Amino acid sequence: SQQHKNLHLWKPLCIFGTGDLGRSLGQRLLQTGYRVVYGSRRPDSCGPVPQGAQVMSHTDAASAANLVFLCVHRDHYDFLQNVAPYLKGKVLVDLSNNLKKNIYPESNAEFLQRLVPGAAVVKGLNTLSAWALQNGQLQGKQTFICGDSAEAKQAVSEVCTRLGLLVLDRGGVGASRELEDFPLQLFPMWRLPLSIALGLSAAFFLYLLIRDVIYGYVEDGKDISFRIMIALPNKVFPIVSLVMLSLCYLPGVIAAFIQLYRGTKYRRFPDWLDCWMLCRKQIGLLALGFALIHVLYLFILPIRYSARHKFISQVKNKTTPFYFDKTTAWGTDSLMGLGVLGFFLYVLLGISSLPSVGATLSWREFNFIQSKLGHLTLFICTAHCYIYGWNKLLRPSTYKWYTPPGYMLCLMVPSVVLVLKVILLLPCVNRTLTRIRQGWERAPPRGHPEQLKATNF
Amino acid sequence: SQQHKNLHLWKPLCIFGTGDLGRSLGQRLLQTGYRVVYGSRRPDSCGPVPQGAQVMSHTDAASAANLVFLCVHRDHYDFLQNVAPYLKGKVLVDLSNNLKKNIYPESNAEFLQRLVPGAAVVKGLNTLSAWALQNGQLQGKQTFICGDSAEAKQAVSEVCTRLGLLVLDRGGVGASRELEDFPLQLFPMWRLPLSIALGLSAAFFLYLLIRDVIYGYVEDGKDISFRIMIALPNKVFPIVSLVMLSLCYLPGVIAAFIQLYRGTKYRRFPDWLDCWMLCRKQIGLLALGFALIHVLYLFILPIRYSARHKFISQVKNKTTPFYFDKTTAWGTDSLMGLGVLGFFLYVLLGISSLPSVGATLSWREFNFIQSKLGHLTLFICTAHCYIYGWNKLLRPSTYKWYTPPGYMLCLMVPSVVLVLKVILLLPCVNRTLTRIRQGWERAPPRGHPEQLKATNF
Amino acid sequence: SQQHKNLHLWKPLCIFGTGDLGRSLGQRLLQTGYRVVYGSRRPDSCGPVPQGAQVMSHTDAASAANLVFLCVHRDHYDFLQNVAPYLKGKVLVDLSNNLKKNIYPESNAEFLQRLVPGAAVVKGLNTLSAWALQNGQLQGKQTFICGDSAEAKQAVSEVCTRLGLLVLDRGGVGASRELEDFPLQLFPMWRLPLSIALGLSAAFFLYLLIRDVIYGYVEDGKDISFRIMIALPNKVFPIVSLVMLSLCYLPGVIAAFIQLYRGTKYRRFPDWLDCWMLCRKQIGLLALGFALIHVLYLFILPIRYSARHKFISQVKNKTTPFYFDKTTAWGTDSLMGLGVLGFFLYVLLGISSLPSVGATLSWREFNFIQSKLGHLTLFICTAHCYIYGWNKLLRPSTYKWYTPPGYMLCLMVPSVVLVLKVILLLPCVNRTLTRIRQGWERAPPRGHPEQLKATNF
């Protein structure tokens with residue numbers, strides 16, 4: 001019948017190159033129902049190819065197919081000069097990647113198009129690994145293609161869709177350098193958050209090192225350098241975690257105030273704010289990681305030699321009757337109770353940011369978790385930190401060398417975020433903001449058409 | 001060639017509305033290879049649109065396309081009355097959502113169809129957020145459509161499939177209210193489990209507050225109210241966790257007994273049981289959450305001021321020689337060993353219920369984890385609880401004001417579940433149940449055709 | 001228009017069998033936009049079918065459709081003999097599964113083809129459960145089909161693609177036994193890693209039981225059997241975890257040395273190495289599981305009765321002045337600091353191996369996490385273990401009955417892996433290895449064509 005097209009009756013697909021990638025791609029295409037021919041320099045001794053595929057010379061293979069996948073390193077493109085006449089009018093898919101960025105003056109795909117001007121070169125599929133192809137991890141994976149011929153791209157796109165890939169068209173062959181740089185990316189979205197986290201950690205570590213260890217050594221002559229391993233990090237990690245968590249919610253608050261000030265949502269935020277908002281997820285996950293380390297350190301505390309030694313000395317040296325201070329009991333228990341609750345919410349936020357969990361949430365649910373629950377977590381963790389310091393605030397011994405302790409410094413950012421958030425939740429402010437976000441504008445944008453032109457998407 | 005249809009040669013798709021959603025949708029369609037035109041009230045000053053798209057007046061844009069996406073709030077539909085003649089015979093996709101349920105007498109899509117009677121209105125894509133569209137989180141996501149014209153739905157469905165969405169047809173335009181209510185849902189499956197968990201927590205908290213804190217205050221005049229923060233919750237959370245875990249396996253056991261009693265699997269379960277079985281996953285995850293909090297509380301115990309104070313008093317006041325009780329050592333170590341094992345299995349169950357992990361399991365593997373491993377977890381956690389109370393059972397001081405302690409109350413439900421499960425595992429019972437589940441029936445259903453009619457799917 | 005084919009105008013799809021699977025499949029097909037007819041022995045009393053589907057006799061239903069889904073147990077295939085004439089030229093999809101492997105001489109699909117020789121039998125979709133069909137958990141799920149008619153397979157494949165499935169063609173009907181065995185699999189990839197983990201655990205448990213418990217009983221007459229619950233497992237679990245983690249990185253190192261020795265990457269690894277490399281993920285996850293149990297045990301330590309008793313005795317019996325040993329403080333703090341860091345990295349590795357997280361990583365990112373971060377984790381955990389034993393190495397009391405303690409034994413494997421890895425990272429070795437992995441060969445393979453023929457893919 002008309003509706004049941006038979007893939008097996010089509011022309012076969014051709015693959016140049018019998019390396020890992022070529023073999024895996026061929027195997028996959030065969031499993032999807034295509035016929036596959038390989039082009040090889042040495043058809044008789046080219047090593048194993050998947051069962052069901054044929055191996056021919058490059059020219060024979062090119063003649064047999066309309067679509068040629070090039071799974072060969074750019075360094076070995078020279079053979080294509082002889083094959084070029086046979087590739088005329090065919091679609092040539094360039095899957096190659098380089099080992100480093102910017103080592104060639106032009107992208108591989110552009111170089112290829114110059115070598116084989118008669119073929120329609122399509123760059124694409126280069127983000128796939130032989131491993132993913134072999135193990136069937138393709139479903140729903142995004143892949144990008146680009147090329148100057150819309151027909152050629154459509155042909156490649158159909159094969160990709162059958163392989164289970166989601167194809168995104170990136171335009172002409174000029175985009176190929178960008179596509180070739182994709183597989184060389186190493187956590188581009190994590191760079192900034194990681195730098196902030198490491199910078200904050202280093203700064204607070206140094207600050208606390210001076211206050212806690214060096215101060216004791218200089219003023220009292222005590223060597224408590226062993227604290228560098230546990231006691232100090234256990235102050236640095238929660239401090240940085242709380243600061244990072246508030247940095248995660250600060251841009252949203254700033255954005256709301258900008259919208260309120262401008263009276264419209266149709267003007268672009270400044271670049272730094274856009275950039276900040278895009279890496280909120282990464283900032284939050286780093287905050288969670290630091291909180292986890294804090295929790296692990298905390299649980300390990302009572303097993304430490306120094307903690308046990310201190311405890312025994314306390315018991316031995318106490319000669320006065322030992323009375324139970326209910327306020328202290330309430331204080332430490334509240335501190336820890338809030339800590340447990342805060343960490344639990346932290347973990348919930350982390351789980352909901354897993355891609356597969358997030359995908360099952362409706363927009364309203366995602367918003368509820370990341371906004372409502374997120375601000376609640378920030379509030380609880382801030383309260384946890386306030387309770388930790390509540391009775392140390394007025395003791396002079398707290399201010400060694402006239403410096404405030406670390407937790408006081410770190411409380412500044414979350415306090416500001418929470419105060420600003422409370423302002424935004426005031427009924428009058430909230431009403432205006434909601435209207436703006438639904439499209440209402442305080443002044444029509446017609447007055448500043450030149451400003452609008454300056455914005456881009 | 002015939003098989004390589006060129007998307008670029010098709011008529012463009014039209015989008016009405018240049019807000020967040022309209023722009024994100026257009027960008028996505030452009031990336032997928034479609035041409036896009038925007039219809040706008042002010043084509044010259046409508047703000048930024050994605051590169052490659054054209055902006056026209058509503059009527060021009062409608063004329064250029066066969067498919068029109070309406071990304072406009074229902075409040076602004078009035079402009080459509082003028083555009084209606086140009087939309088005759090076109091497919092009009094209504095993506096709108098409302099802020100609350102039931103604020104209009106008819107659904108947006110029905111209202112739209114009345115406004116533009118000549119167009120084929122399709123409701124759909126309204127569960128997508130601008131954020132998901134921009135960030136390419138569409139692959140494999142479900143989306144629902146409904147509408148009276150099968151051809152129009154098919155056209156929309158093809159565009160959606162190209163975007164990587166999985167389209168589910170919900171029938172005629174009458175289903176549009178249901179579709180419009182989807183994005184307003186807030187964890188509908190979690191409501192009942194969450195209510196049960198909170199109700200149980202409140203009940204046990206009150207019960208234990210009376211037994212532990214108020215009893216001490218009334219009878220001995222001691223103020224131990226600080227226990228409200230840690231000691232009390234650390235009893236409530238494990239109790240509720242165990243009850244929830246057994247509530248997770250109780251409906252399966254009840255269903256098996258119903259099937260055994262009826263002698264067939266072809267009759268529907270009562271509604272309350274169906275409903276209960278559908279939210280077992282949520283009940284189990286809540287049980288895991290409560291168990292996690294219990295574990296966190298437990299690890300925090302030795303760091304508390306009150307614990308350390310109690311310990312020091314113990315050391316100070318003990319004047320009699322202090323001997324080592326092997327039975328107590330065995331008891332506490334077994335208690336904790338089982339606890340660790342139980343929590344580990346709990347976490348395994350939780351991980352296997354992540355959507356992406358569950359998707360990699362075969363049905364038999366999923367069944368093994370959720371049934372075999374689940375009942376083992378229940379057994380271990382129940383044993384953990386029994387060991388906790390084994391030496392307190394016969395002490396009169398346990399029964400303050402003649403009430404049993406909380407752990408005794410909570411042991412009832414899991415004990416019942418485990419006993420019933422053991423009965424079901426008896427060879428003779430198990431054999432009958434397996435036969436019933438394979439389709440065998442004790443009495444042919446032909447005798448009660450009127451009963452069958454009463455059941456629905 | 002031509003491009004908008006209407007599914008509703010097609011012939012309906014037919015389903016034989018109104019059980020769970022048949023009903024769920026039908027409901028799903030209806031939701032996707034197909035028309036569905038059921039064939040039943042008792043069309044008037046066959047129980048509920050999804051709304052919108054028709055129920056007919058088998059022969060009527062078969063006549064109405066081109067594609068018939070058979071959702072019936074193999075035991076009930078006999079009715080097909082009467083229906084066979086009506087199935088001539090139709091596509092018959094066999095979804096059946098068996099309860100055990102190898103209970104019939106021929107596969108269900110082959111048996112079916114013999115019963116209905118005129119139909120084109122396609123085996124497939126048998127990995128889907130009624131549960132997954134009902135709950136829409138199909139997106140991107142792999143399903144296998146096989147059959148002798150390419151046209152029939154293409155027809156089935158199109159329906160599957162519309163359901164959101166990824167179809168893989170496994171060849172002729174001869175592959176049907178393999179397909180029927182899929183749903184009966186129970187963690188085939190976990191068998192070997194689990195056996196290794198349990199074997200190692202049992203061996204170390206016995207070894208430590210003799211050294212710690214039995215030695216004390218025999219030599220000193222002390223009964224410390226209660227240690228079996230916590231103290232002993234807390235030695236066994238970290239030991240096995242470290243060994244498993246190093247076993248996870250050993251095959252990669254061995255493979256590199258084999259490639260260096262052979263001077264080519266084009267020859268297959270021995271079977272045992274291939275098999276080992278394929279289950280590295282499972283080995284690593286088991287190592288993570290054991291590390292988690294170790295951490296839980298560790299945190300529980302200070303709450304135990306025996307730990308508190310020992311502590312109190314220490315306090316009571318110490319009459320000599322008690323001084324603070326800085327070296328011990330540094331030692332235990334370093335031990336625990338490294339432990340926390342190692343466990344944190346362990347958890348990161350575990351999270352990145354979640355399917356949905358792994359799918360978002362580029363190949364270079366995945367490689368960075370699993371290789372760089374993995375070896376760092378191994379190094380930190382090994383250092384953690386070395387620090388644990390650093391001051392016990394030279395004490396004679398360590399070598400009870402002339403046996404080394406468990407942590408010394410377990411350090412051997414990770415130490416070997418780390419030394420070999422350091423050798424591979426030496427510039428001269430690394431350069432050669434990189435060239436080999438880019439396709440360079442020390443000797444051209446032309447000299448040994450007979451060897452190449454012996455390899456397979």
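Residues numbered from 1 in each chain as written. Chains lettered and ligands numbered in written order. Predicted model: local features only at pLDDT ≥ 70, side-chain atom pairs only at ≥ 80, totals over all residues. Heavy atoms only, no water.

A. Broad picture of the relation of the copies chain B and chain C. It takes a turn of 120° to lay chain B on chain C, together with a shift of 0.1 Å along the axis; the resulting RMSD is 0.1 Å. In the structure described here, the two chain copies are related by an operation that fits a three-fold rotation axis. Counting the interface residues of chain B, we find that no more than 11% of their copies in chain C are interface residues as well, pointing to two distinct contact surfaces. (Least-squares fit on C-alpha atoms with pLDDT ≥ 70 in both. Contact = heavy atoms within 4.5 Å.)

B. Here's a closer look at the UniProt feature "domain: Pyrroline-5-carboxylate reductase catalytic N-terminal" (unreviewed entry) in chain A. Per the UniProt record, "domain: Pyrroline-5-carboxylate reductase catalytic N-terminal" (unreviewed entry) is found at residues 13–97 of chain A. Secondary structure over residues 13–97 of chain A splits into 28% helix and 25% strand, and the C-alpha atoms at its two ends are 21 Å apart. (UniProt positions renumbered as here; feature names shortened; annotations may be inferred. Helix = DSSP H or I, 4+ residues; strand = E, 2+ residues; numbered from the N terminus.)

C. Structural context of the interface of chain B and chain C. Across the contact, 56 residues belong to chain B and 62 residues belong to chain C. Of the roughly 5800 Å² buried where chain B meets chain C, counting both sides, 68% is carbon and sulfur surface. For the interface between chain B and chain C, the tally reads one salt bridge. Across the pair aspartate 333 of chain B and arginine 304 of chain C runs a salt bridge, and its minimum N-O distance is 3.1 Å. Linking chain B to chain C there are six residue pairs in polar contact (both at pLDDT 80 or more). Counting only elements with at least two residues in the side of chain B that touches chain C, the list comes to α6 (150–162), β8 (166–169), α11 (280–300), α12 (305–317), α13 (326–352), α14 (355–358), α15 (363–389) and α18 (449–454) of chain B. A per-element tally of the side of chain B that touches chain C places α13 of chain B first, with twelve residues. A class-by-class count of the residues in the side of chain B that touches chain C yields 30 nonpolar, 14 polar and twelve charged. (Buried area = accessible area lost by both parts, 1.4 Å probe. Salt bridge = Lys/Arg side-chain N within 4 Å of Asp/Glu carboxyl O. Polar contact = N/O pair within 3.5 Å; in protein donor to acceptor, adjacent residues only side chain to side chain. Nonpolar A, V, L, I, M, F, W, Y, C, P; charged D, E, K, R; others polar.)

D. A look at the relation of the copies chain B and chain A. Superposition record for chain B on chain A: RMSD 0.1 Å, screw rotation 120°, translation along axis 0.1 Å. The two copies present different faces, since only 10% of the interface residues in chain B are matched by interface residues at the equivalent positions in chain A.

E. Structural detail: the pairing of strand β1 (residues 13–16) of chain A. Residues Leu13 and Ile15 of chain A point to one face of β1 of chain A and Cys14 and Phe16 of chain A to the other, with burial holding for every one of them. Considered for its hand, the β-α-β crossover made up of β1 of chain A, helix α1 (residues 20–32) of chain A and strand β2 (residues 36–40) of chain A is right-handed. (Buried < 20%, exposed > 50% of the residue type's maximum accessible area, 1.4 Å probe, protein only. Right-handed = clockwise from strand over helix to strand, strands pointing away.)

F. A look at the sheet that holds strand β7 (residues 142–147) of chain C. All names here are of chain C. One open sheet accounts for eight strands, arranged β3-β2-β1-β4-β5-β6-β7-β8; its pairing is mixed. In this open sheet, the two edge strands, each paired with only one partner strand, are β3 (54–57) and β8 (166–169). When strand polarity is set aside, the average angle formed by the axes of neighbouring strands in this sheet is 30°. Examined bridge by bridge, strand β1 (residues 13–16) and strand β2 (residues 36–40) share four bridges and lie parallel to one another. Paired with phenylalanine 16 across the bridge in β2 is glycine 39. Here helix α6 (residues 150–162) sits on the sheet and contacts β1, β4 (67–70), β5 (91–94), β6 (120–124), β7 and β8; the angle it forms with β7, its principal contact strand, is near 165°. (Pairing = 2+ DSSP bridges. Axes fitted to C-alpha atoms, helices over the stretch in contact; angles between N-to-C directions.)

G. Fine view of the state of the cysteines. With the rule as written, the count across this model stands at zero disulfides over all chains. There is no disulfide at cysteine 381 of chain C, and the cysteine sulfur nearest it, in cysteine 385 of chain C, is 9.3 Å away. (Disulfide = S-S within 2.5 Å.)

H. Quick peek at the interface of chain B and chain A. Tallying the contact residues gives 62 residues for chain B and 58 residues for chain A. Between chain B and chain A the total buried area reaches about 5800 Å² when both faces are included, carbon and sulfur atoms providing 68% of it. Where chain B touches chain A, the interface holds two salt bridges. Ionic pairing is found between lysine 326 of chain A and aspartate 223 of chain B, a salt bridge with its closest N-O pair at 4.0 Å. Taken together, the connections running from chain B to chain A amount to six residue pairs in polar contact (both at pLDDT 80 or more). Secondary-structure elements contributing two or more residues to the side of chain B that touches chain A are α1 (20–32), α11, α12 and α14 of chain B. Among the elements that take part in the side of chain B that touches chain A, α12 of chain B stands out by supplying eight residues, more than any other. Of the residues belonging to the side of chain B that touches chain A, the class tally is 28 nonpolar, 22 polar and twelve charged.

I. Broad picture of the confidence of the model for chain A. Residues and elements named next belong to chain A. Scored by pLDDT, chain A has a mean of 85; 92% of the residues are at 70 or more. The low-confidence segment residues 447–457 (pLDDT under 50) makes 15 contacts with residues lying over four places distant or belonging to another chain. Two summary scores accompany this predicted model of the complex, namely pTM at 0.85 and ipTM at 0.84. (pLDDT = per-residue confidence, 0-100.)

J. Looking closely at the nonpolar core. Ranked by size, the top nonpolar core spans 213 residues in total, and within it Met244 of chain B together with Met244 of chain C carry the most contacts. Discounting chain neighbours no more than four positions away, the residues touching methionine 244 of chain B are Pro193, Ile196, Ala197, Leu200, Ile283, Leu286 and Ala287 of chain B. Core analysis: the second largest hydrophobic core is formed by 31 residues, Leu30, Tyr34, Cys46 and Leu133 of chain B among them. (Core = buried A, V, L, I, M, F, W, Y, C linked by side-chain atoms within 4.5 Å.)

K. Structural detail: a nonpolar patch on the surface. On the surface, Leu206, Ile210, Ile214, Tyr217, Val218 and Trp401 of chain A cluster together into a nonpolar patch covering about 580 Å² of accessible area. You can see isoleucine 210 of chain A is positioned in helix α8 (residues 191–220). (Patch = residues over 30% accessible without salt bridge, like charges linked within 9 Å, V, L, I, M, F, W, Y side chains within 5 Å. Areas by Shrake-Rupley, 256 points an atom, 1.4 Å probe, with all protein chains shown as cover.)

L. Expanded view of a positive patch on the surface. Among the surface-exposed residues, Lys101 and Arg191 of chain A together with Arg364 and Lys372 of chain C lie close enough to one another that they form a single positively charged patch. Following the sequence through the fold, arginine 191 of chain A ends up in helix α8. (Lys, Arg positive; Asp, Glu negative; His and termini not counted. Charge placed at Lys NZ, Arg CZ, Asp CG, Glu CD.)

M. Representation of the sheet that holds strand β3 (residues 54–57) of chain B. Residue and element names in this part refer to chain B. Taken in spatial order, the eight strands of this open sheet run β3-β2-β1-β4-β5-β6-β7-β8, and their pairing is mixed. Either end of the sheet is taken by a strand with one partner, and the two such strands are β3 and β8. In this sheet, adjacent strand axes meet at a mean angle of 30° when their direction is disregarded. Across four bridges, strand β4 (residues 67–70) lies against strand β5 (residues 91–94) in parallel orientation. Within the sheet, the bridge partner assigned to leucine 70 lies in β5 and is aspartate 94. Packed onto the sheet, helix α4 (residues 108–115) meets β4, β5 and β6 (120–124) and runs at close to 165° relative to β6.

N. Structural context of the pattern of salt bridges. What the rule picks out here adds up to 25 salt bridges over all chains. Across the pair glutamate 180 of chain A and lysine 123 of chain A runs a salt bridge whose closest N-O atoms are separated by 2.9 Å. With glutamate 180 of chain A in helix α7 (residues 176–181) and lysine 123 of chain A in strand β6 (residues 120–124), this pair connects stretches of sequence that are 57 residues apart. Residue glutamate 180 of chain A shares its accessibility class with lysine 123 of chain A, and that shared class is buried. Across the pair arginine 268 of chain C and aspartate 274 of chain C runs a salt bridge, and its minimum N-O distance is 3.3 Å. Linked by salt bridges that have partners in common, Asp94, Lys123 and Glu180 of chain A make up one network.

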